Amino acid sequence: MAGQKPATSFGAAVGAYELGRPGYEPEHAAWLLDGVHGRVLDLAAGSGKLTRAVAGLGFDVVAVDPDEKMLSRVREIPTFVGMAEAIPLPDDSVAAVTVGQAWHWFNPSAAGIEIARVLRPGGRLGLVWNIRDARHPFVAALAEVMGPSPAEAMMDADEVVGVTGFTAFEKRRFESVRLITPEAVEALVTSRSHWLIASPAVRAQVLAGVRELVATHPHSAGRRMFEFPMYTACYRADALV
């Protein structure tokens, strides 16, 4: 996988992505789309975790992602291969655009222009990230073994800034605790771009460290399921008319 771009590396591990990555609660999608009526584009939809949450609220949804392998997990919803900077939809065709766990991969200026193009006047842009809560000792130790996360770096630096042509972002944070298995922890690690584009030696080292941590840490040792604290950061803005 040498030379592969991080943002398009996930399709090689779509099964691990589905198992390891947390989903989005209905209340997360409902807050992003409060007041929206009409079709929703889930941009950089991946395997459809946010897509399913949006569809579950009764919205007509279309999914776009650059990786056809990821989109293969999206069922009963129209899908298109495409980038945030070149969205394969007509002008003024959707009432909202959602982006789950992916805005940090975009060129914000180019993506903002494209999103504004496909949105109807006054349409909604909603961004959301699931983030590990490193205040917990086990989560902090896992972060040391796993390596850096561009999403968490963005959250830590509070670098989600306004997009030209849109109102200022409103922000909402939802705290949660996920019940996770050792297998899901491994899948969380092996579905990350940092691991997917690493050398075989680095992959082996990281995976061995994760297994040792799960087997020996007081929070997880000997348990088939344990708590994994996290939070969900949500942002919403409307296109200027």
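No experiment lies behind these values; they were computed from the predicted model shown.

Cut-offs used in this document
- Residues numbered from 1 in each chain as written.
- Predicted model: local features only at pLDDT ≥ 70, side-chain atom pairs only at ≥ 80, totals over all residues.
- Heavy atoms only, no water.
- Helix = DSSP H or I, 4+ residues; strand = E, 2+ residues; numbered from the N terminus.
- Expected span 1.5 Å × (residues − 1).
- Buried < 20%, exposed > 50% of the residue type's maximum accessible area, 1.4 Å probe, protein only.
- Arc of directions from axis to C-beta.
- Contact = heavy atoms within 4.5 Å.

Asker: Explain helix α10 (residues 200-216) to me, and be specific about the residues and the numbers.
Answerer: If you check α10, its first and last C-alpha atoms are 24 Å apart, about what 17 residues at 1.5 Å a residue would give, namely 24 Å. Every buried residue of α10 is listed here: V206, L207, V210, L213 and V214. Taken around the axis of α10, the buried residues stretch over an arc of 125°, which confines them to a single face. Along α10, the residues that are exposed and aim more than 90 degrees away from the buried face are P200, A201, Q205, E212, A215 and T216. Packing partners of the buried residues in α10 comprise α6 (137-146), α8 (182-190), α9 (193-196) and β7 (226-238).

Asker: Before we move on, could you go through unusual backbone geometry and cite the residues and values that matter?
Answerer: A positive phi angle is found at E76, which is not glycine, with a value near 60°. Within the fold, E76 resides in the loop between α4 (68-71) and β3 (79-81). At Q101, a position not held by glycine, the phi torsion is positive, near 60°. Taking the relative accessible area as the measure of exposure, Q101 reaches 15% and is therefore buried.

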